[in-house]
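Chain by chain, the residues:
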Amino acid sequence: MLADLQDDLKLFTLKVDCEFFAEITAFDELSIRMRLIELAQTQLEFGFDYVRIGPGDGELLIARGRQRVACMRGPNTRTVPARVPPALVGALEPYAA
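Let me begin by describing the structure that accompanies this report.

Analysis parameters
- Residues numbered from 1 in each chain as written.
- Predicted model: local features only at pLDDT ≥ 70, side-chain atom pairs only at ≥ 80, totals over all residues.
- Heavy atoms only, no water.
- Phe/Tyr/Trp six-rings, centres within 6.5 Å; stacked < 30°, edge-to-face > 60°.
- Buried < 20%, exposed > 50% of the residue type's maximum accessible area, 1.4 Å probe, protein only.
- Salt bridge = Lys/Arg side-chain N within 4 Å of Asp/Glu carboxyl O.
- Helix = DSSP H or I, 4+ residues; strand = E, 2+ residues; numbered from the N terminus.

### Observations concerning the packing of aromatic side chains
- A complete count under the given rule lists two aromatic pairs for this structure.
- Here the aromatic rings of Phe46 and Phe48 are separated by 6.4 Å at their centres, their planes lie at 45°, and the arrangement is tilted. Neither Phe46 nor Phe48 differs from the other in exposure class; each is buried.
- Taken together through their ring pairs, the aromatic side chains of Phe46, Phe48 and Tyr50 make up a single cluster.

This is the structure:
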């Protein structure tokens, strides 16, 4: 994976959104849980659950978000879509929804 990043792989965020359900305050303990929602030829979509972990009230889902990412290669003036590298596909297997 590191070799792919050093070999001009770029990850571009195409879309991101987050829906908030509850407030948090300074020093709240959070758990951010990522899952792979979709794996396409050149794009990935991730889901995130933001959970507040409290000593008295257990866990509370405070927000849920998504991020769509495109894999690209090439110099900045001629960047083009690229297939998701096999090393990245393998690294993301444990996060498949």
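### Focus: the pattern of salt bridges
- Scanning all chains against the criterion turns up seven salt bridges.
- Among the ionic pairs, Arg73 bridges to Asp8, the shortest N-O distance being 3.2 Å. Of this pair, Arg73 sits in strand S4 (residues 58–73) while Asp8 is found in the loop between helix H1 (2–6) and strand S1 (10–20), placing the two residues 65 residues apart along the sequence.
- Accessibility expressed as a relative area gives 32% for Asp8, which makes it partly exposed.
- Close ionic contact of Arg68 with Glu45 constitutes a salt bridge, the shortest N to O distance being 2.8 Å. A residue pair is termed long-range when its members are at least 10 positions apart, and Arg68 in strand S4 and Glu45 in strand S3 (residues 43–54) qualify at 23 residues. Both residues of the pair, Arg68 and Glu45, belong to the buried class.
- Through salt bridges with shared partners, a single ionic network connects Glu38, Glu45, Arg66 and Arg68.

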